[in-house]
Amino acid sequence: MGEYKTYRPKRKILKWLYLYVFMWFTGRAIKIAAKVDDEVKKEFDSIPNNFNVALEVLPYGPALVVGKTEDGKVQYLGSSTKDKKIDLRMIVHNIENAMQLFTFQESTAISFMRNRLYLDGEIPYAAAFVRVFDAVEVYLLPKIIAKLAVKRYPAWSLIRKLSGRVKIYLRAGIGV
Amino acid sequence: MSRTDYSDFLCPIKFCCGKLALETLPAELRVYNARKPLILFSNKAVINGLIDPVKQAFDDSEMVAGIYDGVPESPTLSTIRELSDIYIKNGHDALIAVGSGSVMNLAKVLNIVVSGEPGDLKTCQGEDKITKPLNPFFVVPEASATGLMANGSACIDNFSFTSRYLIPDYLAIDPRIVQQETVGVIIDAAMRALSSSSFAYTLPDTDYFIDPYAYLAIQTICENLIPVIENADSKKGFKDYLIMNDTEKGKMALVTASVIGGFISFCQPAGIVMRLSEALSEYCQLSSGILAGLLLPYGLEYAMLKEGYQTEKLLLALAGPDVYSRTPENERGKSAMGILRDIQDKLFHLTDGYIPRTLAGAGISENQFSEMIERMSQNDEGIDSKGCLSILNHAREGRPVSDI
């Protein structure tokens with residue numbers, strides 16, 4: 001005869017911490033990228049004012065919340081969706097799927113295709129947010145890694161890439 | 001090609017096959033509003049060390065899972081009683097079966113009991129007696145899984161049940177689960193699926209729905225079986241821990257094909273080859289799947305001559321459109337049988353003779369045939385005794401069936 005046991009799930013603290021730091025920095029980088037890059041700015045122009053987007057991992061987070069204020073400014077709103085008005089949610093099913101995505105083993109497009117994340121909100125705004133996310137990854141990551149993370153690596157000039165990268169790293173690090 | 005004028009089909013399973021398939025279980029359970037699953041492991045699954053990967057898939061989810069390890073090979077009603085007590089007492093609301101064979105059977109019957117009243121077991125016996133959907137039921141098959149877990153039938157002690165509600169809701173095929181099996185077990189499952197799919201695919205009247213599923217199963221087995229057996233003993237390199245290698249992908253493809261084969265055998269009555277191989281397995285050490293693979297070309301040749309099975313069509317699934325289109329129409333059936341015999345021959349060499357090429361090689365004597373067929377016809381009145389004998393005699397000598 002077999003034996004019955006109850007299994008209480010353990011927390012994956014290290015993976016959660018990695019995702020927290022990654023999403024925190026990327027959130028701040030998105031805010032800066034909207035100021036320094038025309039393409040990212042244009043994508044945010046297509047999103048209405050007073051509109052918040054969240055990319056979150058189920059069930060315990062972390063999350064990345066970015067929003068546009070009433071006067072059209074892009075803001076990073078923190079790592080939690082609690083008590084926030086969210087207009088568009090991109091939800092990753094679990095922490096392992098989030099690790100696949102944020103350790104660049106799979107691009108955002110592949111993750112969507114494999115049903116690792118789902119969407120609650122308008123598709124055109126989600127597509128615009130994914131394009132913003134891809135552009136920020138191109139700025140933040142070296143080409144060899146960024147190629148894995150985005151659908152198509154853009155043909156940007158070296159000056160655009162380097163100046164944007166320096167500005168984003170500096171300003172996101174300092175937080176201005 | 002002649003198509004049937006009537007067809008019905010049901011396949012309500014959601015499949016997930018690939019890397020991190022186990023990690024999808026908590027999210028899929030949430031879809032069914034289930035929060036506390038009971039996970040059943042077969043004895044073999046425990047020995048193969050499958051508890052840890054399944055348990056870890058629930059880490060960082062809010063679900064507390066119950067684990068029952070070591071479902072016996074032949075579960076009885078008392079096992080059902082014990083498990084239903086555990087299920088109800090601990091407030092479980094879904095079932096996950098990990099392994100193959102008996103654990104799947106047991107989980108299906110247990111689901112009838114825990115989704116209604118214990119007395120339901122008597123009233124639900126027979127065909128289509130279950131009148132409402134049961135609790136969520138997920139399966140995680142091993143490489144030895146025959147695919148029968150994907151169908152809507154279950155049997156325990158003398159109780160047998162057939163209903164669409166017994167078909168699992170979700171099926172996760174994960175590389176960590178399918179890696180542990182021996183070559184014999186993989187061949188058994190693949191050949192069983194190849195037999196049921198080949199018979200369904202070559203039916204005199206092509207079925208609209210079965211046809212593409214059978215094609216997929218045959219093609220997948222042909223592409224993957226030999227490479228997987230050839231590389232079964234190869235050691236994992238460093239790169240293989242990061243990216244899934246071809247053997248792992250091949251094993252997963254074979255399990256998927258086995259599941260499709262199992263589903264086809266639920267939709268179609270068992271062909272003559274499956275019935276003969278089940279009976280033959282009692283006379284030798286070999287499993288019915290391996291025997292089905294051995295009998296397949298002979299059974300198909302007989303079915304073509306006697307019942308007009310479209311064996312020429314099989315070449316398309318076995319060898320692909322290029323070979324099919326450059327083979328003359330009247331040669332296609334013969335070529336398809338040649339490929340099936342070729343597979344058998346390669347398996348014979350790769351397994352150092354463990355997979356026989358003829359029934360004589362399997363140690364079955366001619367004298368046993370008549371006794372076996374007599375026993376078969378006692379249980380099954382529709383059996384064609386003369387045909388069975390002809391198939392067995394040809395398979396014994398390895399001689400193609402060219403006349404009846």
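All values reported here derive from a predicted model rather than from experimental measurement.

With that settled, the discussion passes to the overall build of chain A. For chain A, the count of helices and strands is 7 helices and 6 strands. Written out in order from the N terminus, the α and β elements of chain A read β-α-α-β-β-β-β-α-α-β-α-α-α. Relative to the compact-globule value of 16 Å for 176 residues, chain A shows a C-alpha radius of gyration of 17 Å, a close match. Dimensions along the principal axes, computed over C-alpha positions, put chain A at roughly 70 × 35 × 30 Å. Taken over 176 residues, chain A has a buried fraction of 49%. Pairs at least 24 apart in sequence give 64% of the contacts found in chain A among residues at least 6 apart. Accessible surface, chain A as shown: approximately 9100 Å² in total, 57% of it carbon and sulfur.

Following the criterion strictly, the structure yields 2 cavities of 30 Å³ or more and no others. A volume near 80 Å³ is recorded for the largest cavity. Lining of the largest cavity is provided by 14 residues; of these, A:Asn94, B:Ala57, B:Asp59, B:Asp60 and B:Ser61 occupy positions nearest its centre. Counting residues per element, the ones that place at least two in the lining of the largest cavity are α3 (95–102) of chain A together with α1 (25–31) of chain B. Looking at which element gives the most residues to the lining of the largest cavity, the answer is α1(B), with 3 residues. Of the residues belonging to the lining of the largest cavity, the class tally is 5 nonpolar, 3 polar and 6 charged. In this structure, the second largest cavity spans a volume of roughly 40 Å³.

Turning our eyes to something else, we now look at unusual backbone geometry. A negative phi holds for most residues other than glycine; trans holds for most peptide bonds. In the segment running from A:Leu58 into A:Pro59, the intervening peptide bond is cis, with an omega of -5 degrees. In this model, A:Phe104 sits at a positive phi of 65 degrees, which is unusual for a non-glycine residue. With respect to the helices and strands, the residue A:Phe104 is situated in the loop between α3 and α4 (108–113). The exposure class assigned to A:Phe104 is buried, which follows from its relative accessible area of 9%. The backbone of B:Leu20 shows a phi angle near 65 degrees, a positive value even though the residue is not glycine. One can find B:Leu20 in the loop between β1 (14–17) and α1.

Another point: the layout of surface pockets. Residue and element names in this part refer to chain B. Of the voids in this model, the largest pocket is the one considered here, and its volume is about 680 Å³. Lining the largest pocket are 33 residues, with Pro269, Ala270, Gly271, Ile272 and Met274 sitting closest to its centre. Looking at the lining of the largest pocket, the elements with two or more residues in it are α8 (183–201), α11 (246–267), α12 (272–280) and α13 (288–307). Counting residues domain by domain, the lining of the largest pocket receives three or more from each of domain 1 (14–177) and domain 2 (183–397).

Cut-off values and rules
- Residues numbered from 1 in each chain as written.
- Chains lettered and ligands numbered in written order.
- Predicted model: local features only at pLDDT ≥ 70, side-chain atom pairs only at ≥ 80, totals over all residues.
- Heavy atoms only, no water.
- Helix = DSSP H or I, 4+ residues; strand = E, 2+ residues; numbered from the N terminus.
- Rg over C-alpha atoms; globule rule 2.2 N^0.38 Å.
- Buried < 20%, exposed > 50% of the residue type's maximum accessible area, 1.4 Å probe, protein only.
- Contact = heavy atoms within 4.5 Å.
- Areas by Shrake-Rupley, 256 points an atom, 1.4 Å probe, with all protein chains shown as cover.
- 1 Å grid on protein atoms, 1.4 Å probe; cavity = no way out; pocket = protein on both sides within 12 Å on 5 of 7 lines; lining within 4 Å.
- Points joined across faces, edges and corners; volume = space filled by probe spheres on them.
- Nonpolar A, V, L, I, M, F, W, Y, C, P; charged D, E, K, R; others polar.
- Domains from an automatic or database assignment.

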